[in-house]
Amino acid sequence: MNGKKGSNIEISINIPSSVAKVKQLDQAGKKSSNGGGGFSFKAWVLKVSEFAKEDSNRVKFSLKVGLAVLLVSLLILFRAPYDVFGTNIIWSILTVAIMFEYTVGATFNRGFNRALGSLLAGILAIGVAQIALSSGHVAEPIIIGISIFIIGTMTSFMKLWPSLVPYEYGLRVVLFTYCLIVVSGYRISMGNPMRTAMDRLYSIAIGGFVAVLVNVLVCPIWAGEQLHKELVNSFDSVAASLEECVGKYLEDDGSEHPEFSKTVMDEFPDEPAYRKCRSTLNSSAKLEALAVSAKWEPPHGRFRHFFYPWSEYVKVAAVLRYCAYEVMALHGVLHSEIQAPYNLRITFQSEIREATSQAAELVRSLGQDISSMKRSVRNSLLKKVHSSTERLQRAIDVHSYLLTSTCEPPDTTNSSKPLPRLSQTLTNTFSDLPNQLADLDSGNSLEMNLSQQLNPSTPQQTESNYHELMRKQSRRLHYSWPPLQVDAFEEEGSAGDFLPRMKALESTAALSLATFTSLLIEFVARLDHLVEAVDELSKLAKF
């Protein structure tokens, strides 16, 4: 940007654009992440090690897949089984690679779809091949081509049907198994499709049997246990995030507020519980998949009876997510631009902390009941939660005058002290009651003092002057957002237009505390539904 020319002086100011700044930051981040632009084998090993330590089952799963593939490959490496099955044994390796899943339940589910699809495809292929063989050499490829088109169209349409979505893999198996059997039978087996289909089915059965055997007998990873653990961790995450949010809200005095542009992307490295709670909200698909897989698993471990109510786990998780929504809303108030004054927040800190601790204790108690699979009586804990919440709501109702912009201005020089409550004001008033009565007896009443100060000529003028005095006091309340000087606007003659906007901003800042407490009360209200869902799960699961 070039400045104005004057007195043979030219001022040039170069301001980098925002795009250039972003490019510089990206280049700096890439250099720091790549360790100066080179590949570090040690850093890669450390990263892989940390990934494996997060969940030891990942290493177990990888080793089990390698073991299963090795066992099937021995049928080719040794001469005797290879002479029996021939090249068709390759289908066993393909089956293991496709069918082997992370959990036992997912492997059973995938194996069922694989077996059913292969069996159906084999039956269809044998039937169509026999019809094509009896039609002659001219019509045989035409019939096979038309059948492949019809099977491909039907299976692709059926896997889009809502009720058949869980069997999408089975329909896919029908398509490619049918095509491979029919085409290979037409070109390789020289008119013997039955032999080709049976060889394929034998190989698929061997691969499926090895995959299931290794997955169940060697360090099994049960989907039911994974679902149980994920749900318990979700309870702990919600409770910890609630305590973390309320603690930061009451301890933050506003001295160090990050810019809104830096926190709008939900990147808060100093709030680990918040990130866990956010991951809880995104875990619905994972929990539903685990519940579907757990239904295929036989009784095991602590889940020893048939028809275990895994679907109830999904329902409890759904109710818990509704509670987590309120926690995320509390974090939104915590990181909002408009904040209530610090001394106004700590005025109600005892009630807020009590309600938060009781609610978090109840959430952890529910998670502990699911973890230990035992039913406990929570009537006393529920009463404590409700009573603490009622005290918070009563405190907000009684001292609601502190949330308006026309209240007495606090001492801005010492903003760490809470505002005086109504009980304290009444106490001071009653202690000075004898002096006030003496003043009344001597003729110095409150109305006379106001009239002497304002010098009214009429009652209407007395009222207008009194309101003008209170309006000037309220216009000089600079303890809330935004910290603007009203006197400067008065000097410019714009105070008449600015006053309504200033009072609205001050009321909004004070009402931020009311928003925070109302969200906390709503969280407690949703805990009743969570308790009912956990009780229903305990009854059906026979805790």
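Keep in mind it's a predicted model, so treat the numbers as computed, not measured.

What counts, and at which threshold
Residues numbered from 1 in each chain as written. Predicted model: local features only at pLDDT ≥ 70, side-chain atom pairs only at ≥ 80, totals over all residues. Heavy atoms only, no water. Helix = DSSP H or I, 4+ residues; strand = E, 2+ residues; numbered from the N terminus. Buried < 20%, exposed > 50% of the residue type's maximum accessible area, 1.4 Å probe, protein only. Contact = heavy atoms within 4.5 Å. Areas by Shrake-Rupley, 256 points an atom, 1.4 Å probe, with all protein chains shown as cover. Salt bridge = Lys/Arg side-chain N within 4 Å of Asp/Glu carboxyl O. Phe/Tyr/Trp six-rings, centres within 6.5 Å; stacked < 30°, edge-to-face > 60°. Core = buried A, V, L, I, M, F, W, Y, C linked by side-chain atoms within 4.5 Å. Axes fitted to C-alpha atoms, helices over the stretch in contact; angles between N-to-C directions. Parallel < 35°, antiparallel > 145°, perpendicular 65-115°, else oblique. Arc of directions from axis to C-beta. Left-handed = near helix turned anticlockwise from the far one by under 90°. Nonpolar A, V, L, I, M, F, W, Y, C, P; charged D, E, K, R; others polar. UniProt positions renumbered as here; feature names shortened; annotations may be inferred. Expected span 1.5 Å × (residues − 1). Polar contact = N/O pair within 3.5 Å; in protein donor to acceptor, adjacent residues only side chain to side chain. Patch = residues over 30% accessible without salt bridge, like charges linked within 9 Å, V, L, I, M, F, W, Y side chains within 5 Å. pLDDT = per-residue confidence, 0-100. Disulfide = S-S within 2.5 Å.

Draft legend 1. Structural detail: the overall build of the protein chain. The helix and strand tally for the protein chain stands at 23 helices and 0 strands. Considering the protein chain as a whole, with its 543 residues, one finds that 37% of them fall into the buried category. Here the analysis covers contacts within the protein chain between residues at least 6 apart in sequence; of these, 78% occur between residues at least 24 apart. Of the accessible surface of the protein chain, which amounts to about 31,600 Å², a share of 60% is contributed by carbon and sulfur atoms.

Draft legend 2. View of the pattern of salt bridges. Scanning the model with the defined rule gives 8 salt bridges in all. With a closest N to O distance of 2.1 Å, E168 and R172 form a salt bridge. Highlighted residues: E168 and R172, both in helix α8 (residues 168–187), separated by 4 residues, approximately one helical turn. The exposure class assigned to R172 is partly exposed, which follows from its relative accessible area of 40%. In this structure, the salt-bridge partner of R526 is E326, at a minimum N-O distance of 3.0 Å. One end of the pair, R526, is in helix α23 (residues 495–541); the other, E326, is in helix α14 (residues 310–334), and 200 residues separate them in sequence. In this structure E326 comes out as buried when scored by relative accessible area, which is 8%.

Draft legend 3. View of the side chain of S512. Its place among the elements puts S512 in helix α23. Not counting residues up to four positions away in its chain, the partners in contact with S512 are Y249, V333, I338, Q339 and A340.

Draft legend 4. Here's a closer look at the packing of aromatic side chains. Applying the stated criterion across every chain yields a total of 12 aromatic pairs. With a centroid separation of 6.4 Å and an interplanar angle of 55°, the aromatic rings of F157 and W161 are classed as tilted. Residue classification places W161 among the partly exposed residues on the basis of a relative accessible area of 47%. Judged by centre distance (5.2 Å) and plane angle (75°), the ring pair of F303 and Y308 falls under edge-to-face.

Draft legend 5. Representation of the nonpolar core within the structure. Ranked by internal contacts, the top residues of the largest apolar core, which has 68 residues, are F235, Y313, V316, I352, I370 and F523. Residue assignment for this core shows that the elements contributing at least two residues are α10 (223–251), α12 (272–281), α13 (284–294), α14, α16 (349–372), α17 (379–398) and α23. Sequence-distant contacts of Y313, defined by excluding residues within four places in its chain, comprise L227, H228, L231, F303, Y308, I370, L537 and F543.

Draft legend 6. Highlighting the packing of helix α5 (residues 90–99) against helix α6 (residues 104–134). With their axes 10 Å apart at the nearest point, α5 and α6 run at an angle of 135° to one another. Viewed along their axes, α5 and α6 adopt a mutual orientation that is oblique. Across the interface between the two elements, W91, T95, I98 and M99 from α5 touch T107, R110, G111 and R114 from α6.

Draft legend 7. A look at unusual backbone geometry. A positive phi angle is found at F307, which is not glycine, with a value near 55°. Considering the arrangement of structural elements, one finds F307 in the loop between α13 and α14. We classify F307 as exposed; its relative accessible area is 83%. Unlike most non-glycine residues, M373 shows phi in positive territory, near 55°.

Draft legend 8. View of α12. Residues of α12 that are buried include every one of A273, Y274, C277, T280 and L281, and no others. For α12, the angular spread of buried residues about the axis comes to 115°, placing them on one side. Summarising the contacts, the buried residues of α12 are in contact with α10, α13 and α14.

Draft legend 9. Structural view of the packing of α6 against helix α7 (residues 139–158). At their nearest, the axes of α6 and α7 sit 8 Å apart, and the two run at 150° to each other. With respect to α7, the axis of α6 lies roughly antiparallel. In this structure, α6 meets α7 at a crossing whose hand is right-handed. Counted together, L124, V128, I131, A132 and L133 of α6 and E140, I143, I144, S147 and I151 of α7 form the full contact between these two elements. Residue composition of the contact of α6 with α7, grouped by class: 8 nonpolar, 1 polar and 1 charged.

Draft legend 10. Expanded view of the environment of A239. Secondary-structure assignment places A239 in helix α10. Taking C-alpha positions, A239 is 7.6 Å from E361, a pair spaced 122 residues apart along the chain. Setting aside its immediate chain neighbours within four residues, A239 contacts A360, V363 and R364.

Draft legend 11. Structural context of the UniProt feature "transmembrane region" (unreviewed entry) in the protein chain. Using the residue numbers shown here, the UniProt feature "transmembrane region" (unreviewed entry) corresponds to residues 61–82, 88–108, 115–133, 139–157, 169–189 and 201–223. Secondary structure within residues 61–82 divides into 95% helix and 0% strand; the distance between the first and last C-alpha atoms comes to 28 Å. Taken end to end, residues 139–157 is 100% helix and 0% strand, and its first and last C-alpha atoms sit 27 Å apart.

Draft legend 12. Seen up close, α6. Here α6 spans 45 Å end to end across 31 residues, near enough to the 45 Å set by a 1.5 Å rise per residue. Between the side-chain oxygen of the N-cap and the backbone nitrogen of A106 there are 3.3 Å, and the N-cap of α6 in question is T103. Phi turns positive, to about 100°, at G136, one or two residues after α6.

Draft legend 13. Structural context of a nonpolar patch on the surface. Together, I142, I146, F149, I150, M154, F157, M158 and W161 give the surface a local cluster of nonpolar side chains, amounting to about 860 Å² of exposed area. Within the element layout of this structure, F149 appears in helix α7. For F149, a relative accessible area of 61% translates into the label exposed.

Draft legend 14. Highlighting the confidence of the model for the protein chain. Mean pLDDT over the protein chain: 74, with 69% of residues reaching 70 or higher. Every residue in residues 405–413 is under pLDDT 50, and counting partners more than four places away or in other chains gives 14 contacts. Per-residue pLDDT stays below 50 along residues 436–457; that stretch engages in 13 contacts with residues further than four places along the chain or on separate chains.

Draft legend 15. Seen up close, the state of the cysteines. With the rule as written, the count across this model stands at 0 disulfides. Take C245: it sits in no disulfide, and the sulfur closest to it among the cysteines is that of C277, at 9.6 Å. The class for C245 is buried, based on a relative accessible area of 0%.

Draft legend 16. Structural detail: the environment of S134. With respect to the secondary-structure elements, S134 resides in helix α6. With relative accessibility at 61%, the residue S134 sits in the exposed group. Here I131 takes part through its backbone oxygen, which lies 2.9 Å from a polar atom of the side chain of S134.

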